[in-house]
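This is what each chain is made of:
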Amino acid sequence: MSDVRIRPMQLADVPGAEQLSAEAFLDVDQRSVRRSWPEPELRATSRAATWIERTEHFLRTDPDGCWVAESDGEMVGFATSAVRERLWVLATYAVRPGRQGAGIGKPLLEAALHHGRGCLRAMLSSSSDPKAVRRYRLAGFSLHPQMFLRGTVDRSALPVVEKVREGTASDVDLMDSLDRRTRGAAHGVDHPFMLEHWRLLVSDSTTGSGYAYVGNGGLALLAADNRLTASRLLWTVLADGPDEVTVPHLTAANEWAVDVGIAARLELHTEGYLALRGMAPPTPYVHNGALL
Ligand SMILES: CC(C)(COP(=O)(O)OP(=O)(O)OC[C@H]1O[C@@H](n2cnc3c(N)ncnc32)[C@H](O)[C@@H]1OP(=O)(O)O)[C@@H](O)C(=O)NCCC(=O)NCCS
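What you see as residue numbers is a count from 1 along each chain, following the sequence as written. Only residues with pLDDT of at least 70 are given local features in this predicted model, and only at 80 or more are side-chain atom pairs given and counted; all residues enter the totals for whole chains, interfaces and linings. Side-chain metrics in this entry use all non-hydrogen atoms of the structure; hydrogen atoms and water are not considered.

Peer 1: Give a description of the nonpolar core that names residues and reports values.
Peer 2: Throughout, nonpolar core names a set of buried Ala, Val, Leu, Ile, Met, Phe, Trp, Tyr and Cys residues whose side chains join them through atoms within 4.5 Å. Summary of the burial criterion: residues with accessible area below 20% of their type's maximum are buried, those above 50% are exposed, and those between are partly exposed, where the area comes from a 1.4 Å probe applied to protein chains only. Counting 40 residues, the largest nonpolar core has Met9, Phe78, Met123, Met194, Tyr211 and Tyr213 as its most contacted members. If you tally residues by element for this core, the top one is helix H1 (residues 14-31), at five residues. Per the convention used, a helix needs a DSSP run of H or I reaching at least four residues, while a strand needs a run of E reaching at least two, with both numbered from the N terminus.

Peer 1: Give a description of the sheet that holds strand E12 (residues 267-277) that names residues and reports values.
Peer 2: Whether two strands pair comes down to DSSP finding at least two bridges between them. If you walk across this open sheet you meet the eight strands as E1-E2-E3-E4-E5-E12-E6-E11, and the pairing is mixed. Looking at the sheet topology across the chains shown, the edges are occupied by strand E1 (4-8) and strand E11 (244-250). With strand direction ignored, the average angle separating the axes of adjacent strands in the sheet is 20°. Where strand E4 (residues 87-95) meets strand E5 (residues 121-126), three bridges bridge the pair, whose relative direction is parallel. The residue of E5 that forms the bridge with Trp88 is Ala122. Lines are fitted to the C-alpha atoms to define the axes, a helix being fitted only along its stretch in contact, and any angle between axes, read from their N-to-C directions, falls within 0 to 180 degrees.

Peer 1: I'd love a proper account of the pattern of salt bridges, names of residues and values included.
Peer 2: Opposite charge on two side chains lets them pair, provided their charged atoms get close. Criterion for a salt bridge: a side-chain nitrogen of Lys or Arg within 4 Å of a carboxyl oxygen of Asp or Glu. This model, assessed by the stated rule, comprises 14 salt bridges. Arg96 is the salt-bridge partner of Glu23, the closest N and O atoms lying 3.3 Å from each other. Of this pair, Glu23 sits in helix H1 while Arg96 is found in the loop between E4 and helix H4 (105-115), placing the two residues 73 residues apart along the sequence. The partly exposed category is assigned to Glu23, whose relative accessible area is 37%. Glu110 is paired through a salt bridge with Lys106; the nearest N and O atoms lie 3.4 Å apart. Taken as a pair, Glu110 and Lys106 lie in helix H4 at a separation of four residues, close to a single helical turn. Look at the salt bridges and you will find they share partners, linking Arg5, Arg7, Asp13 and Glu70 into a network.

Peer 1: Now, about helix H3 (residues 46-61): what can you tell me, with residues and values included?
Peer 2: Between the first and last C-alpha of H3 there are 23 Å, a value that for 16 residues agrees with the 22 Å anticipated at 1.5 Å per step. Buried residues of H3: Ala48, Trp51, Arg54, Thr55, His57, Phe58 and Leu59, and no others. In this scheme, a helix's expected span is set at 1.5 Å multiplied by one less than its residue total.

Peer 1: Please set out the site of the ligand residue by residue, giving values where relevant.
Peer 2: Lining the immediate surroundings of the ligand are 23 residues, of which Gly101, Gly105, Ser127, Arg134 and Arg135 lie closest. Under this definition, polar contacts are N or O atom pairs within 3.5 Å; protein pairs additionally need one hydrogen-donor-capable and one acceptor-capable atom, and for neighbouring residues in sequence, both atoms have to be side-chain atoms. Tyr93 is positioned with one of its backbone polar atoms (N or O) 2.9 Å from a nitrogen atom of the ligand. Here an oxygen atom of the ligand sits 2.7 Å away from a polar atom, N or O, in the side chain of Arg135. Throughout, the Shrake-Rupley method with a 1.4 Å probe supplies accessible areas, and for residues the shown protein chains are the sole cover considered. The fraction of the free accessible surface of the ligand (940 Å²) that becomes covered by protein chains is 77%. Counting only elements with at least two residues in the shell around the ligand, the list comes to H1, E4, H4, E5 and helix H5 (130-138). The element that contributes the greatest number of residues to the shell around the ligand is H5, accounting for seven residues. Residues are classed as near a molecule or strand on a simple rule: at least one heavy atom within 4 Å of it.

Next comes the structure, spelled out in structure tokens:
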């Protein structure tokens, strides 16, 4: 550890960080019986470009939240984080397999957490890696087990869903209000990135408001002001998606989503934790793994 230097991440570090991340998470995947994230091949191709763009986005908005651990001029770990209003989120955190468990991750996480020192709340989606979970609990996070749904949608179970439309950039104020209400902070500057990469669905009627971002891999983020609207949006995501779907990142606070999945005859599994400081699990809300 004595030869390791913690320094701010630079744009030139991002492709190397992507490779390191892919290696570290492939390693976790291989040790995990079930996984909620996509197959490694998928990660290696189109996801790599999106990962790089997303990390460059964080580096632009939060240069003080993104850190690299370097040993002999080589990157051996990194942590990227962002502050949105009074909420700190950890986007990605990884140490090179073979160098893990030797104290490199601790100062990296501390550097990222320092970026959020003025925040009332903190939020991250933890893998099942016991080393990660140990770091987060020691940093004062409460660990809320995450579930995910996976399987083939039973199309005969799909209800008729009304009052859901395509969203646009003109819905950003509505989405920011919903995020403040559910997770205590707007996504703000993240919307241009999300609008560019994902389809946006919006429900805004007399019975309630909500939105869902949908990527190739399925549901990316969802917030609503009541469970009926949230369920309506999730049913639309399932109806419009492929037969084989994954709905990741569900906490026990979001049983409405579990119930939609059960009704659609999807399988329910567990993986990882939603780790929180200064807040209860948001609901009705399905967080994104990196943009939370
Ligand atoms: C999570 C991760 C970034 C932490 O980095 P790291 O360099 O391994 O972290 P550290 O060595 O500083 O801390 C790990 C802690 O777990 C302990 N540990 C080591 N092996 C362990 C094991 N098999 N089970 C439980 N704890 C273990 C270490 O002793 C240390 O605790 P301590 O500081 O109290 O002694 C790294 O392990 C990693 O990349 N994991 C795979 C990717 C991942 O899951 N990232 C987190 C995404 S949310």
